[in-house]
Amino acid sequence: MIGVGLSLPQVAVRRVAAAASGPTVILDAAYRTDTLLDQGLVPITNGGELDSWAMATGGTFNYETAFLAGASARPIWLLGTPGPGGVHTAGNNAALTCATPVTIPAATDFVAYLKLVMPASASACLIGNSAAANRVITVETIEGEVSINFSIDGSNYAGVFSSTDMEGTKLYRFRRSGSTLYIAATGLAESSASVTGAITGAAAFDTLLGYSSTGSGLTGFAASGCYLQKAYIFHGSSTADTTYETNNGGVLS
């Protein structure tokens, strides 16, 4: 028991400032370095049918789940020697779907990158949803002219159109800052997208190379020759990742 008039010794307390939080990466995929398995569930070889794509971040996208959602073929994986590399449908109803959707939160700044190889004339849904009527990211080329779109739920979307030749390997960037979406790509300067509806909602996706037009099962697939090489998405910031851009062809303007 402490007697009256006695005081406790003073203990110095040092307060440590909390570290500043950075953006949250929700998808990080690369066709050369991730764990990719063929239909025999062994490491894939050039030209093989891709059954499973386990990404560095974002989960595992696989054919079994896509098949249950309506796909009827596995995508084809190409190393890229010779010719273009990446994952594509080969003209089939091919897709990979993740059991747990990846979600970009509503009313949150984000940056999304896709590295694609596009032919002179083709349409591609590179990221979609199997359980909602939505093509989240679509790139279409018609004789070199390009239409690039980002969709929240099919009725709220934004996009840009350019006559710039987008054939070949390009890095595409989608950046939401507040209620504005900005789109840029290799050789295509950033511009604010033309918006229909509100672009501040959440965007959920679970499928690569396919989407649902009905909200129940996959009904649309990317065209042959549209190769997906990489995908990288983070939220909590609208600041471009210039290091990532430098490593994938150069800083976007």
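Just so it is clear, the structure is predicted and the values come from calculations on it, not from any experiment.

**Q** An account of the pattern of salt bridges is requested, with residue identities and associated values reported.
**A** Under the criterion given, the structure shown has four salt bridges. Salt-bridge contacts for glutamate 190 lead to arginine 173; the nearest nitrogen and oxygen are separated by 2.9 Å. Here glutamate 190 is found in strand S15 (residues 188-192), whereas its partner arginine 173 is found in strand S13 (residues 168-177), with 17 residues between them in sequence. By relative accessible area, arginine 173 is classed as buried at 4%. By sharing partners, the salt bridges in this structure join Arg173, Arg175, Glu190 and Glu245 into a single network.

**Q** Tell me about the packing of aromatic side chains, residues and numbers included.
**A** Per the counting criterion, the structure on display carries eight aromatic pairs. On the numbers, 6.3 Å between centres and 15° between planes, the contact of tyrosine 113 with tyrosine 232 is stacked. Highlighted residues: tyrosine 113 in strand S8 (residues 110-118) and tyrosine 232 in strand S20 (residues 227-235), separated in sequence by 119 residues. The residues tyrosine 113 and tyrosine 232 share a single accessibility class, namely buried. On the numbers, 4.6 Å between centres and 25° between planes, the contact of tyrosine 232 with tyrosine 244 is stacked. Of this pair, tyrosine 232 sits in strand S20 while tyrosine 244 sits in helix H2 (residues 242-247); the two residues are twelve residues apart in sequence, bridging distant segments of the chain. Exposure remark for tyrosine 232: the relative accessible area of 12% places this residue in the buried category. A relative accessible area of 12% places tyrosine 244 in the buried class. An aromatic cluster is present here, built from Tyr113, Tyr232, Phe234 and Tyr244 joined pairwise through their rings. Its end group placed over the ring of tyrosine 211, arginine 135 keeps NZ or CZ at 4.8 Å from the ring centre.

**Q** Explain the pairing of strand S9 (residues 122-128) residue by residue, including any values.
**A** Most of S9 is tucked away, with six of its seven residues classed as buried. Two strands pair when backbone bridges link them, and S9 and strand S10 (residues 135-142) are joined in this way by six bridges, in the antiparallel orientation. Counted as the bridge partner of alanine 124 is valine 139 from S10. The pairing of S9 with strand S17 (residues 203-208) spans two bridges and is classified as antiparallel. In the sheet register, glycine 128 faces S17, and the bridge partner there is threonine 207.

**Q** Explain the pairing of S13 to me, and be specific about the residues and the numbers.
**A** Buried residues dominate S13, accounting for seven of its ten residues. Sheet topology note: the S8/S13 ladder contains nine bridges and is antiparallel. Note that in S13 the partner of methionine 118 across the bridge is glycine 168. Relative to strand S14 (residues 180-185), S13 runs antiparallel, the two being bridged by six bridges. Paired with arginine 173 across the bridge in S14 is alanine 184. Counted along the chain from S13 to the antiparallel partner S14, the turn is two residues long, and its residue glycine 178 has a positive phi close to 65°.

**Q** Go over the side chain of threonine 97, please, and point to the residues and values.
**A** Relative to the helices and strands, threonine 97 resides in strand S7 (residues 96-104). By relative accessible area, threonine 97 is classed as buried at 1%. Engagement of the side chain of threonine 97 in a polar contact is seen with the side chain of threonine 207, the distance being 3.0 Å. If we ignore the near neighbours within four places in the chain, the residues touching threonine 97 are Thr60, Phe61, Asn62, Thr65, Ala66, Ser130, Asp206, Thr207 and Leu218.

**Q** Now, about the environment of proline 43: what can you tell me, with residues and values included?
**A** The topology assignment puts proline 43 in the loop between strand S2 (35-38) and strand S3 (50-54). For proline 43, a relative accessible area of 64% corresponds to the exposed category. Setting aside residues no more than four positions away along its own chain, proline 43 makes contact with Leu36, Leu37 and Asp38.

Cut-off values and rules
- Numbers given to residues run from 1 along each chain, matching the order in which its sequence is written.
- Note on the predicted model: pLDDT of at least 70 is required for a residue's local features to be given, and 80 or more for side-chain atom pairs to be given and counted; whole-chain, interface and lining totals, by contrast, use all residues.
- To obtain the side-chain values, all non-hydrogen atoms of the structure were included, while hydrogens and water were left out.
- Throughout this description, the term salt bridge denotes a Lys or Arg side-chain nitrogen within 4 Å of a carboxyl oxygen of Asp or Glu.
- Each helix is a run of H or I in the DSSP string that is no shorter than four residues. Each strand is a run of E no shorter than two, and both are numbered from the N terminus.
- Burial here depends on accessible area, computed with a 1.4 Å probe over protein chains only, as a share of the maximum for the residue type. Under 20% is buried, over 50% is exposed, and the range in between is partly exposed.
- Note on aromatic pairs: the rings of Phe, Tyr and Trp (six-membered ring only in Trp) are paired at centre separations within 6.5 Å, and the planes decide the class, stacked below 30 degrees, edge-to-face beyond 60, tilted for the rest.
- By definition, being over a ring means that NZ of Lys or CZ of Arg is both within 6 Å of the ring centre and within 35 degrees of the ring normal.
- Each pair of strands is called paired provided DSSP finds at least two bridges between the two strands.
- Pairs of N or O atoms within 3.5 Å make up the polar contacts considered here, provided that, within protein, one atom can donate a hydrogen while the other can accept it, and that residues adjacent in sequence are counted only when both atoms are side-chain atoms.
- Any two residues having at least one pair of non-hydrogen atoms within 4.5 Å are treated as being in contact.

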